[in-house]
Amino acid sequence: MELRHLRYFVAVAEEGSLLNAAERRLNTSQPSLSRQIRDLEAEVGVQLLERQARGVTLTAAGRVFLDHARLALLQVEAATEGARQTAQPQRPVLSMGFLVGLEVMWLPQLLRILREEAPDVDVTLSTQSSPELALALMRGKLDIAFLRPEKDNEGVVFKILAKEPLIAVLPAEHRLASRKKIRPQDLAREIYVSSARTSPVLQEVIHNYASRVGITLKAKYEGENISSAMSLVASTGGISLVPLYAQNMLAPNVVARALEGGTPTVDLALGYNRTNPSPLLRRLLSRADELVANVQNQSIIRYVEAD
């Protein structure tokens, strides 16, 4: 079995068609691709695809094989990236990723530690959704990331930094804006705007909270991320639940309020790939507790009323 067999199989499975996979992604002919897939099935010893008039579908065995094939290709990509970085030690680079808005809190203190540990290091930054950050760590594209502890990311380690309370954000002109705290029952009566479209961890926390307090939160609008969710809040008159750090991103026409009763929290983690050989990464991890303490002492978050 060769890597090209795995790449061909993944392409066919994702396209649902031998012809489309051959022409759009693999730059080969359909007959040649069909032979490669048959060779793969012969090697594995089971049928992976069912040929139909309008394309192909995965068998039960094919669905299992697809997950492992994707993981194998990701691991090869990560190994290649790691080897390239190790072969170029003369140019120390640290690639960091953040959830949108988190860099305001964490980056200044992280850079202070970096200046002490490696003053000549080049730093690259990216902001993405939490699942995208986890995937970049798994592929070796990032050294560290501030994200949620995502599931099913082989080789990625998550060190929990904080448990962030969730708060409600609503228009400043909303009838509930005069309250210090928002009751769960009030949330259920309002237009609900989801801020967790691309964050399954946050989505699960909100779902569990709603179940615990006995309400149903069915999103009428869905934001791609927290920033877009707050724009929807302002334009639709709805309410959204977001992590506390989002107060750094409030527009003048949107306010934040605490939740009444047991406040749900979502984990914030520092993620890294356990196979990353970087000595600088290890030194940064050894100072993670110091980083958390410094951020807590210097936090610019405007906390909501606690009473």
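Residues numbered from 1 in each chain as written. Predicted model: local features only at pLDDT ≥ 70, side-chain atom pairs only at ≥ 80, totals over all residues. Heavy atoms only, no water.

Draft legend 1. Up close: the pattern of salt bridges. Tallying each qualifying case throughout the model produces 17 salt bridges. A salt bridge links R4 to E2; the nearest nitrogen and oxygen atoms lie 2.7 Å apart. Of the charged contacts, one joins E290 and R287 as a salt bridge, the two residues approaching to 2.9 Å between their closest N and O atoms. Where salt bridges share partners, they join R112, E116, E117, R283, R287 and E290 into one cluster. (Salt bridge = Lys/Arg side-chain N within 4 Å of Asp/Glu carboxyl O.)

Draft legend 2. Structural view of the packing of aromatic side chains. In the structure shown here, the tally under the stated rule is 3 aromatic pairs. With 4.9 Å between their ring centres and 5 degrees between their planes, F98 and F146 make a pair best called stacked. Highlighted residues: F98 in strand β3 (residues 93-98) and F146 in strand β5 (residues 144-147), separated in sequence by 48 residues. A residue is classified by how much of its surface remains accessible, and F98, at 1% relative accessible area, is buried. For the pair W106 and F146, a centre-to-centre distance of 5.5 Å together with 35 degrees between the ring planes defines the contact as tilted. (Phe/Tyr/Trp six-rings, centres within 6.5 Å; stacked < 30°, edge-to-face > 60°. Helix = DSSP H or I, 4+ residues; strand = E, 2+ residues; numbered from the N terminus. Buried < 20%, exposed > 50% of the residue type's maximum accessible area, 1.4 Å probe, protein only.)

Draft legend 3. Representation of the UniProt feature "domain: HTH lysR-type" (unreviewed entry) in the chain in the model. With numbering aligned to this structure, UniProt lists the feature "domain: HTH lysR-type" (unreviewed entry) at residues 1-59. As a span, residues 1-59 carries 63% helix and 14% strand, and end to end its C-alpha atoms are 20 Å apart. (UniProt positions renumbered as here; feature names shortened; annotations may be inferred.)

Draft legend 4. Highlighting the pairing of strand β6 (residues 156-171). Of the strand pairs in this sheet, β6 and strand β12 (residues 265-273) are connected by 9 bridges, and their pairing is antiparallel. Bridge pairing in β12 places F158 opposite G271. Alignment of β6 against strand β10 (residues 240-243), held across 4 bridges, turns out to be antiparallel. Within β10, the residue paired with I167 across the bridge is V242. The sheet contact formed by β6 and strand β11 (residues 254-259) spans 4 bridges and is antiparallel. Residue pairing across strands places L170 opposite V255, the latter belonging to β11. (Pairing = 2+ DSSP bridges.)

Draft legend 5. Quick look at the packing of helix α5 (residues 103-117) against helix α10 (residues 279-286). Contact geometry of α5 with α10 gives a least axis separation of 11 Å together with a crossing angle of 125 degrees. Relative to α10, the element α5 is oriented oblique. The chirality of how α5 crosses α10 is right-handed. Residues L110, I113, L114 and E117 of α5 form the contact with α10, whose own contacting residues are L280, R283 and L284. (Axes fitted to C-alpha atoms, helices over the stretch in contact; angles between N-to-C directions. Parallel < 35°, antiparallel > 145°, perpendicular 65-115°, else oblique. Left-handed = near helix turned anticlockwise from the far one by under 90°. Contact = heavy atoms within 4.5 Å.)

Draft legend 6. The arrangement of the side chain of T59 in detail. Locating T59 in the fold gives a position in the loop between β2 (55-58) and α4 (60-86). Apart from residues no more than four positions distant in its own chain, T59 is found in contact with Q47, L48, L49 and E50.

Draft legend 7. Representation of the side chain of S195 within the structure. With respect to the helices and strands, S195 occurs in the loop between β8 (193-194) and α8 (200-213). The class of S195 is buried, set by a relative accessible area of 4%. In this structure the side chain of S195 is engaged in a polar contact, spanning 2.7 Å, whose partner is the backbone oxygen of L241. Leaving out residues up to four positions away in the same chain, S195 has contacts with L202, N225, I226, A229, S240, L241 and V242. (Polar contact = N/O pair within 3.5 Å; in protein donor to acceptor, adjacent residues only side chain to side chain.)

Draft legend 8. Spatial organisation of empty space enclosed by the protein. Summed over the entire model, instances satisfying the criterion amount to 1 cavity of 30 Å³ or more. Of the pockets and cavities examined, the largest cavity occupies roughly 50 Å³. What lines the largest cavity is simply L110, I113, I144, L270, L284, R287, A288 and L291. Listed by contribution, the elements that provide at least two residues to the lining of the largest cavity are α5 and α11 (288-298). (1 Å grid on protein atoms, 1.4 Å probe; cavity = no way out; pocket = protein on both sides within 12 Å on 5 of 7 lines; lining within 4 Å. Points joined across faces, edges and corners; volume = space filled by probe spheres on them.)

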